[in-house]
Structures are given as C-alpha cells and as structure tokens.
Amino acid sequence: MKKLDPKVPEGRLADKWTDYKGTMNLVAPNNKRNIEVIVVGTGLAGASAAATLGELGYKVKVFTFHDSPRRAHSIAAQGGINAAKNYQNDGDSIYRLFYDTIKGGDYRSREANVHRLAEVSANIIDQCVAQGVPFAREYGGLLANRSFGGVQVSRTFYARGQTGQQLLIGAYQALSRQVATGQVELHTRHEMLDLVLEEGKARGIITRNLVTGEIERHAAHCVVLGTGGYGNVFYLSTNAMGCNVTAAWRAVKKGALMANPCYTQIHPTCIPVSGSYQSKLTLMSESLRNDGRVWVPKKKSDVEAIRNGSLKAKDIAEEDRDYYLERRYPAFGNLVPRDVASRAAKQACDSGHGVNKTGLAVFLDFASAIQRYGKSEAFKHGITDPDQETILKYGEQVVEQKYGNLFEMYEKITGDDPYKTPMKIYPAVHYTMGGLWVDYNLETNVPGLFAIGECNFSDHGANRLGASALMQGLADGYFVLPYTIGQFLSHEIRVPKLKNDSPAFLEAEKAVVERIDGIFAVNGNKSVESFHRELGLIMWEYCGMSRNAEGLKKAQKLIQDLRAEFHRDVFIPGDKNEYNPELEKALRVADFMELGEVMVLDALNREESAGGHFREEYQTAEGEAMRNDEDFTHVAAWEWNEESGPIRHVEELQFENVELKVRSYK
Amino acid sequence: MKLTLQIWRQNGPQDKGKIENYQVDATEEMSFLEMLDVLNQQLIEEKKDPVAFDHDCREGICGACSMVINGRPHGPQKATTTCQLHMRHFKDGDTIVIEPFRANAFPVVKDLVVDRSAFDRIIQSGGYISVNTGQAPDGNDIPIEKGISATAFDAAACIGCGACVAACPNASAMLFTSAKVSHLALLPQGAVEGERRAQSMVAQMDKEGFGFCSNTGACEIECPKEISISNIARLNRQYLKSSIASSEINE
C-alpha cells in the first residue's frame, strides 16, 4: 500500500493557507515565459486556471473536445455559488461555510482543503463581479443572496437560474483575452486520449483531432486536468452527453489514483424518466425547494387514481398528503441536503407512493408559496382582503420572477404547467464527489499532474452541498492552482522546452493508435450506445441510490461480462480519419466500463453509509445512514493494476477542528 | 408517429452535399434530438453512416445544437433550442426538412455540424473586461441599479449558438456581437473600455466574413434566448460615438 501524503501545511487551520502562500516557492517572471503548462478542459476550473496562468506569464496550451470553450458543462449549473461574504448579516463566516461543507460531506473530506475553499470563496464573487457577471441584485444595487439546500444562512449568489452559464462566460472571456494575447494557445475539438510521463513526471498528452482524426503529441512542463466528473457512467444523468472520464481515466492507467469513486451525488429534483429512448435527465434547480413542498398521496387509492389520470394532484385533500420531508426532518424540512432528500424520495416510491406511470416520481408543489407570496404582494399593493384571483395573480408573478425560466423549461419538456399543477420530480445522477486523488497542492500522486474542479476528489467528502461545485471549480482555477503549481514548477525552471518526439511520446502515440485500430477491428454487431445503456442500468440498479454487498458482487460480474462482450461485439461505423462521434463514444464507454468496476469495488469495500454512498446493511432502525468512523474515516484511493486487479490505498483523515457527529437534519 | 426526414448530408467542407430521405418512428414525449438518436441507431444497425450533429447539454444552455428545421433555425417553437424541442409539436405523417446553419463564416464540418469558431474569435477581439485574477475590488463596492443589471443580463443570456446568423438573409453576426457589447457596456465595470471594445469586435466580425445588418429583425425572432435587437441599436450608438470621438482609440 502506498503512503499517501496530503502535504497539509503545519499551523492553525485558519492560518495554514495564508502562511503557506506566503512562504511557497515562486517562479520568476523571466522563467515563467519559458515554462509551458497544458490544461485539459475549459469548464469553470479549466478555463479559470488557464486564464490565470496566462495572466501570470506561463505559456499555456488549453484543450477541449467541444467546438468552443464556452460549451463546457459548467454552463448548465442553475442554482448558484456559495461565498462566505456575510452580506446578509445572518451570522455567516468562513468557519461556518467550512463547517457546513465538512458536515454536509459527512466528515469524509480533508479539513485543510475545505477551509481554504471557504477562505477564497469571497474572492471569487469579487472577481466575477469585476468580470461583468450579472449576479442578482437588490433595489439598492447591492448583491442579492438566497439560501440553498442543507444550510441555515443565505450565502448563495445567483444569476437567475443560469449561474453556471454566467460564471463560465466570465471565465471564458478571461480565457479569450489570454488567447488574444498569444499567452494561451487554444485547441478546440481535441480530445485527450493519453497522458505522457517522462521519468515519472507528467510531461504531455496525446490528443485526437476530432475533425480530422489526426493523433497529435503535445509536450509541456506539467499537465492540469479540469475534465469534470464521471456521472455519465450511469448513462442517464444530468450531465451533458459528452461528459466523460477518459482524460482522468487515462491518467489512472498511467499511475494516478482514483479516490472515493463510489461517492456519487444523486440530485433529488430532476424531471422523471419518460421512456426507453431517453438520452439524458434534466435537473430542476434545488433552489425550487426553497418554495416548493415535496409530497406524495398518503392513500394508495389516490396514488392509483393519479397514475391512471382520474384524479388531479390539486384535488387531494391536505390531510391526505404526506409532506414526508417536513414530517421526517422538521428542522430543515424541504431543505435537507441532496442525499437525504433523494433517499427519502426513493423510499416514498419504493413503498408504492410514486405519482407517475412508472411509479418513480413525487410531487414538488408551489401552491402554498403562490398563496403566501400572493397575499403579501397584495398587501404591498394596499389590498388587505384579496380574493383568490388576486392572490393567484400576484403569487404567480413572484414565483415567475424567482423561477420563471425553470418553470418554462419544465413545461417545454413535460407539457405540464407548474403554476397550475405540481411538478413531478425524481432523483437522478448529478455529480461525482470522487475523482483523482490530489494533495493540498491539487497535485496527484504523479508528479506534475494536477487535477482541479469536479475532476478531483478533495473538497466535498461523501456528499456535496448545493452551490458548492461552482465555488470549488473557480476556487481551484482562479485562486489555488495558480499558486500551488509553483511548488512543482519552481523545480523545473532548468528544464528546457520539452520535446514531443521522445520515445515516451512515440510509444504513447502508438498505443493510442493501436487502441483505436483495435476497437474498429472488432467489427461486431452492437452499437456503442446499447453497451452504454446496459452499463448504466447495471450501475443504477446496484451502485445507485442504495447499495448492498450482494448486489455489488453481482454488478462486478455483470460489468466484466459486458466489458468482454463490448470488445467482442461492438460496431463502429465510418473511418478513424474523419469526424466520427461513434468512435469518440466508443473510446469513452470503454473507459467507463473499467471505471464502473472500480466504483463497484469501492462501494463494496466501504462498509458504512456516508453521504451519497448508502449501504443498506448500515442503517438505523428509522432508515437513516450509519457511518463507521472507527474503520472508515479515510479516503480510499484506487490504483489500477492489470494483473492483480485494482489496489486500495488509504489516506487517513485527521479531524483536529471538527468533532465527528451523527449528521442529523431532524 | 411515422415521420419522413429530409436531411442534409455532406461529407466534409469540400463535398457538395445533398438531401437524403429517411423514415423514422417517434413518440410525442421524445425530444427532437432523441428522435434523431433513434434514426442514428437505425442507421448503425444497418451499418450505415449516422447523421452527424452537434449537441451536448440537451437542456438549452450550452449552445451546441444547431440545425435548421423546416426552414427555421432551431425549429418552429418560439424561444426554444433544438434540444428542447419536443416531438409533440409534430404529427404523424409529417415530413421534416433538416439542414445545417448556413453561412460563409460557418463552414460545414460534416452533415449538420458547422464550424462556429468565428464567434470565439469575435469574443477574443474584445468581448471581455480587462481585469486579471486578484485585481477585483469588493463585490459590493459598486452598486448597480437592478434594472440596468437585468438589461445587461438579458444580453448576457446569449448562448452563442449562431441561430441569429443562420436566420439572417445576410448571415450577419450583429445580434451576437451586439449582445456582448451591450452586456459589458451597460455595467460600470465594462463601460470603461466600451468604445474600444465596440470598434475591435465589429472589425473582427467583418473580417470573419459575416454580412452586414439590414435590420430585417429575423435574428431576434429566431433567437432561442430572445435576445433583443435593441442591442444592435446600442452597439450602433457605441460604435458611432467611438468613431466620431476618437479615431486613435484603437491605436
């Protein structure tokens, strides 16, 4: 077993980052000019890192498989971004954001990293405002905040329901500015297919030009991966169609460790599956839970009537509704963290109370909010005794202002009007807390290979709180990596420009070409899509919202069989030397299958329930998750080993500032 | 529902390209792209070349999807991207014509996939605020009137899909360019370099080979994010002002 050194600096928790920053190695401007950095991915983490490194004077090469950096999936984040600004004077602080994140993560993240995240959170808001991000504002012209799932303060900054879009455009524009100066070289429609090591250090990547099919070798002094999460291993998820694990997985195959892959976040409020052709699931922002109330009918007869269309939700009497989150978790009600809300929805549906044809949906109801807002708005207009019509008019106006675009999106997809009838929602795979293992410097165990944003594992433990993904992506890219990368690069200033024709590069290139040729050579009968769907079903069934040892063992076997079948029977049309999306997918799905096996193994080995990882064997009598701090207060980091099978390494988590408690939202 | 699809097939920018006919079975709940997925699965099973199209988020925000459906960019529904268009808006027996976004500045990569990197270059020419990481003052130091912030947002909502160009008889990129100029110029942080920005972005737009704006308003009608042509008016004012005020501004 490898000894994993997180390289957390000494000192008081609150001083670590400041002291460390003040004493870390720097690279002088004249040396920065000669140092090249490869950044893969242009989401919030990748784009902000590439832009900032360019501003600092490094020569940056940035890669994306999209046609433009602006299309990265960060763009789809709806709800908001947290920051410990305490603009609302409600008692927020760096410590409180740190504490909430640690607790929300079910005590499975690294204290020092999370505290640093909370510290730099405030800078992110300042930076984004300066870039022109149009955050929501109050009438006085100052920034507005709202509260978000799992916390009791209002620290979430937002830009309508399009916060991710506006933040990404900010980062994309900062990146574009560096591209214009020549400081950053932009490669679009290029996919990383391998990592190249020289003497154990990450020195470059092999890419495929997705338009021409050309395989290219790119060298640099170090490599930064900001390539997102692996939620698409489930096939159906809220991720974009192109999201994949290939860059990270290729790094794993070159020796990087995959940490806590079993920690996947199932988002409670997504539009339910409607048919077998379904290609992806659409998230409805968690902010909806601020005003929406989740419920299912108490009586089975009502459930039946709803399913066959003979009864409408609004005709079910108040006393016949089970607002199960409010009932079970009175302290947080509908605002419990995502893992808790998702599991509760599953339990409601498993017990036969699901409200659509498939039985896999619960109501998210805005009727109370419309009434409440309608009355208060009518009062503001001087109407003290409003009739129903007036209340509805004003109430719907307020709800439209807050959630208009989300309601519109819902109506487009389902054909139902959520102002008049409750939404139907169900949990879906949304985010992966696991990722490449990194130390305090965000460097993986492979020297010179860094991982930022969702691609790494470091900050969210076993469960991520709402509005924290955007925060982490930008914290890593703008304010952490640009500093910590110097710890590695300051030792590399004597290394001349790296050549891309060394034996290591040629060998890696050859391996990629062989991998592509091999996959074409199968020339079987089944489409890539059909394999991916099958893999997704296995993962969802056995490694989804709840897991047990028996199911996980079964899944191991099923995935192995599927993998074997894939390499025996997959069919890819067209040619490798052209624009060929089927080939792209095939390479990604092949990697997902290997990852899937490691996820299942990780879930099997973690004999406790923590955050997004719920093992049925480890629960209380009331069905709440039961951690095992004695044996599992650690990070499990997996090494890929073709001969022996994956090897589990461990980083013990030290909690010096926070007492481990049962995470209760009751 | 049974549909006939007439789809533009073009194997690379040099190929002449042609319309081909396909039959597909769809259901009302499917999205338009899921209907195309079904067609592609069918083609792959027959060992034929699937139809290439750009797509990613499938929730109307990444701006990747780009096709002209029955003569209209992103199809018949108002304020809807192709990926958000659902088959309930079509009926059994319909014939649907699907073509790429057409413009000189958007060369075809394959079938319905076009190269929109010209948009990136327009942004690179000045579509940003010149601030380095770490230079920002506190977020609340500069209050911004709620209405102005909202108008800036309306412009910033552009997803860079290119429907405006595809809709325009001149293939002009004025709506795209003006949306960025407006977004930034309306905010105090961006107003500082507003005139320089207008000049250089317009110059780049012309260089890319987009046509001139002749105020047909087609862009606004087809824009899936309902970006208003009042942004074009705002750009014109900025541009004119900066042209008159100082001819050295870009030097």
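Residues numbered from 1 in each chain as written. Chains lettered and ligands numbered in written order. Predicted model: local features only at pLDDT ≥ 70, side-chain atom pairs only at ≥ 80, totals over all residues.

**Examining the overall build of chain B**
When you go through chain B residue by residue, the secondary structure sums to nine helices and seven strands. Dimensions of chain B, computed from C-alpha atoms along their principal axes, come out at roughly 60 × 40 × 35 Å. Expressed as a percentage of the 251 residues in chain B, the buried residues total 53%. In chain B, of all internal contacts separated by at least 6 residues, the share reaching a separation of at least 24 is 71%. (Helix = DSSP H or I, 4+ residues; strand = E, 2+ residues; numbered from the N terminus. Buried ≥ 20, exposed ≤ 12 C-beta atoms within 10 Å, placed from the backbone. Contact = placed C-beta atoms within 7 Å.)

**Quick word on the domain arrangement of chain A**
All names here are of chain A. Examined at the domain level, chain A breaks down into domain 1 (267–429) and domain 2 (508–632). Between domain 1 and domain 2, the residue contacts involve six residues of the former and six residues of the latter. Counting residues per element, the side of domain 1 that touches domain 2 draws most heavily on helix α10 (residues 338–353), at five residues. Tallied by class, the residues present in the side of domain 1 that touches domain 2 amount to one nonpolar, two polar and three charged. (Domains from an automatic or database assignment. Nonpolar A, V, L, I, M, F, W, Y, C, P; charged D, E, K, R; others polar.)

**Thoughts on the interface of chain B and chain A**
Chain B puts 68 residues into the contact, and the matching count from chain A is 62 residues. Looking at the side of chain B that touches chain A, the elements with two or more residues in it are α1 (32–45), β6 (108–110), α2 (117–124), α3 (146–156), α5 (174–186) and α6 (188–191) of chain B. Among the elements that take part in the side of chain B that touches chain A, α1(B) stands out by supplying seven residues, more than any other. Of the residues in the side of chain B that touches chain A, the class split is 27 nonpolar, 23 polar and 18 charged.

**As for the sheet that holds strand β1 (residues 2–9) of chain B**
Residue and element names in this part refer to chain B. Taken in spatial order, the five strands line up as β2-β1-β5-β3-β4 in an open sheet, and their pairing is mixed. If you trace the sheet from one side to the other, it starts and ends with β2 (18–25) and β4 (72–73), each paired once. Here four bridges tie β1 to strand β5 (residues 95–99), and the two strands are oriented parallel to one another. Each residue of the ladder has a partner; that of Gln6, found in β5, is Val97. (Pairing = 2+ DSSP bridges.)

**Describing α1(B)**
Residue and element names in this part refer to chain B. In this model, α1 (14 residues) spans 20 Å end to end at C-alpha, consistent with the 20 Å of a helix rising 1.5 Å per residue. The set of residues buried in α1 consists of Phe32, Leu33, Glu34, Met35, Leu36, Asp37, Leu39, Asn40 and Ile44. The first or second residue beyond α1 is Lys47, which carries a positive phi of 60°. (Expected span 1.5 Å × (residues − 1).)

**Some details on the pairing of strand β9 (residues 222–225) of chain A**
All names here are of chain A. Burial along β9 is two-sided: the residues Cys222 and Val224 and Val223 and Leu225 are all buried. Judged from the four bridges that link them, strand β1 (residues 36–40) and β9 form a sheet pairing that is parallel. Bridge pairing links Val40 to Leu225 in β9. Bridge analysis of β9 against strand β17 (residues 449–451) gives three bridges, and the strand direction is parallel. Along β17, the bridge assignment pairs Leu225 with Ala451.

**Concerning unusual backbone geometry**
All names here are of chain B. The phi dihedral of Arg58 is positive, around 55°, even though this residue is not glycine. Unusually for a residue other than glycine, Asn215 sits at a positive phi of about 55°. As for its position among the elements, Asn215 is in the loop between α7 (194–207) and α8 (218–222).

**Things to note about the sheet that holds strand β12 (residues 293–297) of chain A**
Residue and element names in this part refer to chain A. Spatially, β11-β15-β14-β12-β13 is the arrangement adopted by the five strands of the open sheet, whose pairing is antiparallel. Taken across any chain shown, the strands that pair with only one partner, and hence form the sheet edges, are β11 (264–270) and β13 (321–322). Alignment of β12 against β13, held across two bridges, turns out to be antiparallel. Bridging from a neighbouring strand, Pro297 pairs with Arg321 of β13.

**Topic: the pairing of strand β8 (residues 215–219) of chain A**
Across a regular strand the side chains alternate sides, sitting on one face of the sheet and then on the other. All names here are of chain A. Pairing between strand β7 (residues 201–209) and β8: five bridges, direction antiparallel. Looking across to β8, one finds that Arg208 is bridged to Ile215. The loop that links β7 with its antiparallel partner β8 comprises five residues; one of these, Gly213, has a positive phi angle of about 85°.

**Examining the nonpolar core**
Residues and elements named next belong to chain A. Counting residues in each nonpolar core, the largest one holds 287 residues, and the members touching the most others are Val224, Leu225, Val362 and Leu436. No other element matches helix α17 (residues 581–605), which puts 14 residues into this core. Setting aside its immediate chain neighbours within four residues, Val362 contacts Val294, Val296, Ala345, Ala348, Cys349, Gly354, Val355, Ile425 and Tyr426. (Core = buried A, V, L, I, M, F, W, Y, C linked by C-beta atoms within 7 Å.)

**Some remarks on the domain arrangement of chain B**
Residue and element names in this part refer to chain B. Its domain assignment divides chain B into domain 1 (2–109) and domain 2 (117–245). If you average the C-alpha positions of domain 1 and of domain 2, the two centres end up 29 Å apart. Across the contact, 18 residues belong to domain 1 and 16 residues belong to domain 2. For the side of domain 1 that touches domain 2, the residue count by class is nine nonpolar, seven polar and two charged.

**Section: the packing of helix α1 (residues 13–23) of chain A against helix α5 (residues 111–131) of chain A**
All names here are of chain A. Contact geometry of α1 with α5 gives a least axis separation of 9 Å together with a crossing angle of 75°. Between α1 and α5, the angle is such that the two are roughly perpendicular. Packed against α1, whose contacting residues are Leu13, Ala14, Lys16 and Trp17, the element α5 presents Glu111, Ala112, His115, Arg116 and Glu119 at the interface. Partitioned by chemical class, the residues of the contact of α1 with α5 number four nonpolar, one polar and four charged. (Axes fitted to C-alpha atoms, helices over the stretch in contact; angles between N-to-C directions. Parallel < 35°, antiparallel > 145°, perpendicular 65-115°, else oblique.)

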